[in-house]
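Next come the chains, spelled out residue by residue.
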Amino acid sequence: MKLNSLPRIRLANLPTPLQELPNLTRALKGPRIFVKRDDLTGLAFGGNKTRKLEYLMGEAAEQKADCIVTHAGFHSNWLTQAAAAARKVGMKIFMVKTGPHDGYDPEEYDGNHLLHFLAGASMKVVRPEKIAATVEETAAELKAAGLRPFILREMGSTPPGVAGYVNFFIELVAQTSNLGLCFDYLVHTTGAGGTQAGLIIGAKAFHTGMKVIGSTSGSRTKAEQTPRVFNLIQDSLQFIDMDVKVGMEDVVVYDQYADGYGYATEKKAEAVRMLAELEGLFLDPVYTASSMACLIDLCRKGAFKKENTVLFLHTGGSAALFAYKEPLRAFGEGKKAPWTIPPWSPDRH
Ligand SMILES: *Cc1c(COP(=O)(O)O)cnc(C)c1O
């Protein structure tokens, strides 16, 4: 196994806390629920991308890159974390973002977009179909100007990024054995799939018997996400040089809790409010709200046994809450939301 010899730059404050959620447990009358606070990784506003970026930026530094080119959605947490990581190691960052139209530039800067602006990121906004070409074009321009760009693809869901979540598992096993805990399930949100791939590899490698449940962020269906995560697991096992048998049946995906990617929904808003009211814990409206809605629904349906222990992985993203202030307030007051598809979504055109 090569995990300990991969290039890595320390960016995260580890280990992140493992906490019990007693009020949520009581409210749902189901299994004992805990949270792993990867929203507290300590880089920018925290989140799961920090662990991935430790290995990705390690690779960039090894290749003597002097700037980063990457792409994602307009209000992406990935872009915030990538910008913070790049700035911390003294690199510039060039972002290609999706938007409702090329050159989209809203009047009000908020949420992650404001953070990208403050980090001095260079930004281009294009329609999704132009993303790949614009990324290559940007890297070529930088090279022509004498720079050494490093492209970060798939929001960090590539084998070095997956290594970050295999490493997460070593941390989790140490914490749980110290506390005498044994989790039956881990519930989290799956987007580009790197987090889920790393979690499944870790759960299998340590023979934990823990079932990893991924609730989608709405960008893909279960039929699309399952083979994607499975293939990423196989590529990552090769990259890390680990001998672990993982089958398609180990990839558990639910796709009914997000609607479209980034859409504001009643279900997600309920999950955000419930955790804030019960535990003083703030989720995010795009990702963690989906897996918490999934956890709540599975508890209500009796999918877990009362003696089970469930771990919820908080993957961060709460900076996005402020960009969703209008629908979050409307749902909270039982009113019709002014929008459900965000004004910055490429689905608006
Ligand atoms: C990116 C992200 C995810 C999804 O992680 P993937 O590894 O891309 O599947 C989940 N939660 C938050 C808050 C994120 O920013």
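If you're wondering where the values come from, they're calculated on a predicted model, not measured in any experiment. (Residues numbered from 1 in each chain as written. Predicted model: local features only at pLDDT ≥ 70, side-chain atom pairs only at ≥ 80, totals over all residues. Heavy atoms only, no water.)

### So, the overall build of the chain
Inclusion rule: Only DSSP runs of H or I reaching four residues or more are called helices, and only runs of E reaching two or more are called strands; each is numbered from the N terminus. Here, residues are in contact when the closest pair of their heavy atoms is within 4.5 Å. A 1.4 Å probe and the Shrake-Rupley method give the accessible areas. Residues count as covered only by the protein chains that appear here. Here the positive residues are Lys and Arg and the negative ones are Asp and Glu; neither His nor the chain ends is included. Note on charges: their place is set at NZ of Lys, CZ of Arg, CG of Asp or CD of Glu.
Of regular secondary structure, the chain possesses eleven helices and ten strands. Taken along the three principal axes of its C-alpha coordinates, the chain extends 60 × 55 × 35 Å. Within the chain, counting contacts between residues at least 6 apart in sequence, those at least 24 apart form 77% of the total. Surface accessibility of the chain: about 14800 Å² in total, with carbon and sulfur atoms responsible for 52%. For the chain, the centre of its 40 positive side-chain charges and the centre of its 37 negative side-chain charges are spaced 2 Å apart.

### As for the pairing of strand β4 (residues 92–98)
Definition in use: Buried means the residue's accessible area, taken with a 1.4 Å probe over protein chains only, is under 20% of the maximum for its type, while exposed means over 50%, and partly exposed covers the values in between. Strands are treated as partners if at least two bridges between them are detected by DSSP. Throughout, right-handed denotes a crossover for which the path from the first strand over the helix to the second runs clockwise when the strands point away from the viewer.
The element β4 is extensively covered by neighbouring structure, given that six of its seven residues are classed as buried. Two strands pair when backbone bridges link them, and strand β3 (residues 67–72) and β4 are joined in this way by six bridges, in the parallel orientation. Considered in β4, the bridge of Cys 67 is made with Lys 92. Since β3 and β4 lie parallel, the crossover through helix α3 (residues 77–88) that links them has a hand, and here it is right-handed. Bridge analysis of β4 against strand β5 (residues 122–126) gives five bridges, and the strand direction is parallel. What sits directly across from Phe 94, in β5, is Ser 122. For the segment spanning β4, helix α4 (residues 111–118) and β5, crossover handedness is right-handed.

### Looking at the nonpolar core
To be explicit about the condition: Only buried residues count toward a nonpolar core. Its members are Ala, Val, Leu, Ile, Met, Phe, Trp, Tyr and Cys residues joined through side-chain atoms within 4.5 Å.
By size, the foremost hydrophobic cluster in this structure holds 35 residues, and its most contacted members are Phe 168, Leu 172, Phe 183, Leu 186, Leu 199 and Ile 233. When contributions to this core are tallied by element, the ones reaching two or more residues are α6 (159–179), α7 (194–205), α8 (222–240) and β10 (309–314). It is α6 that provides the largest number of residues to this core, a total of seven residues. Excluding its chain neighbours within four sequence positions, the residues that come into contact with Leu 172 are Leu 18, Lys 36, Phe 183, Leu 186, Met 210 and Leu 311. Ranked by size, the runner-up nonpolar core spans 28 residues in total, among them Leu 24, Ile 213, Leu 295 and Phe 312.

### Some points on the site of the ligand
Under the convention used in this document: Any residue with a non-hydrogen atom lying within 4 Å of a molecule or strand is treated as near it. Whenever a nitrogen or oxygen atom comes within 3.5 Å of another N or O atom, the pair is scored as a polar contact, on the condition that within protein one atom can donate a hydrogen and the other can accept it, and that pairs from neighbouring residues in sequence are kept only if both atoms are in side chains. All amino acids are sorted into three groups, where Ala, Val, Leu, Ile, Met, Phe, Trp, Tyr, Cys and Pro are nonpolar, Asp, Glu, Lys and Arg are charged, and the leftover types, Gly among them, are polar.
Around the ligand there are 16 residues in total, and Lys 49, Lys 52, Gly 191, Thr 195 and Thr 315 lie nearest to it. Within the backbone of Gly 193, an N or O atom sits 2.8 Å from an oxygen atom of the ligand. Between the ligand and Thr 195, the relevant distance is 2.7 Å, taken from an oxygen atom to a side-chain nitrogen or oxygen of the residue. Contact with the protein chains removes 98% of the 380 Å² of surface that the ligand exposes when unbound. Grouping the constituent residues of the shell around the ligand by class yields two nonpolar, twelve polar and two charged.

### Some words on the layout of surface pockets
Note the following rule: Buried and open spaces are told apart on a 1 Å grid over the protein atoms alone, a cavity being a set of points where a 1.4 Å probe fits but cannot get out and a pocket being an open set with protein on both sides within 12 Å along at least five of seven lines. Residues with an atom within 4 Å of a point are the lining residues. Grid points are joined across faces, edges and corners, and a volume is the space filled by probe spheres set on the points.
The calculated volume of the largest pocket comes to roughly 880 Å³. Lining the largest pocket are 47 residues, with Gly 73, Met 155, Ser 219, Tyr 261 and Tyr 287 positioned closest to its centre. Sorting the residues of the lining of the largest pocket by element identifies α2 (49–62), β3, α3, β7 (185–190) and α7 as the ones contributing at least two each. As a volume, the second largest pocket reaches approximately 240 Å³. Every residue lining the second largest pocket is counted, 13 residues in all, and those nearest its centre are Glu 108, Ala 323, Glu 326, Pro 343 and Trp 344. The residue makeup of the lining of the second largest pocket, split by class, is eight nonpolar, one polar and four charged.

### A few points about the environment of Leu 24
Here Leu 24 shows up in helix α1 (residues 22–28). Taking relative accessible area as the criterion, Leu 24 reaches 0% and is therefore assigned buried. For the pair Leu 24 and Thr 195, spaced 171 residues apart in sequence, the C-alpha separation works out to 24 Å.

### Notes on the packing of aromatic side chains
Our working definition: Stacked, edge-to-face and tilted are the three classes for Phe, Tyr and Trp ring pairs, Trp counted by its six-membered ring, which pair at centre distances within 6.5 Å; planes under 30 degrees apart are stacked, over 60 edge-to-face, the rest tilted. Definition used: whenever NZ (Lys) or CZ (Arg) falls within 6 Å of the ring centre and also within 35 degrees of the ring normal, the charge is taken to sit over that ring.
One pass over the full model with this rule turns up twelve aromatic pairs. A centroid spacing of 5.0 Å and a plane angle of 70 degrees characterise the contact between Phe 74 and Tyr 104, whose relative ring orientation is edge-to-face. Within this pair, whereas Phe 74 is found in the loop between β3 and α3, its partner Tyr 104 is found in the loop between β4 and α4, the two being separated by 30 residues in sequence. Seen from their ring centres, Tyr 324 and Trp 339 are 5.5 Å apart, and the 55 degrees between their planes marks the pair as tilted. With Tyr 324 in the loop between β10 and α11 (325–332) and Trp 339 in the segment after α11, this pair connects stretches of sequence that are 15 residues apart. The buried category is assigned to Tyr 324, whose relative accessible area is 4%. Cluster of aromatic residues (ring-pair linked, three or more members): Tyr 165, Phe 168, Phe 169 and Phe 206. In this structure, Arg 51 is placed above the aromatic ring of Tyr 165, and the distance from its NZ or CZ to the ring centre is 5.8 Å. The ring of Phe 74 has Lys 97 sitting right over it, with the charged end atom 4.4 Å from the ring centre.

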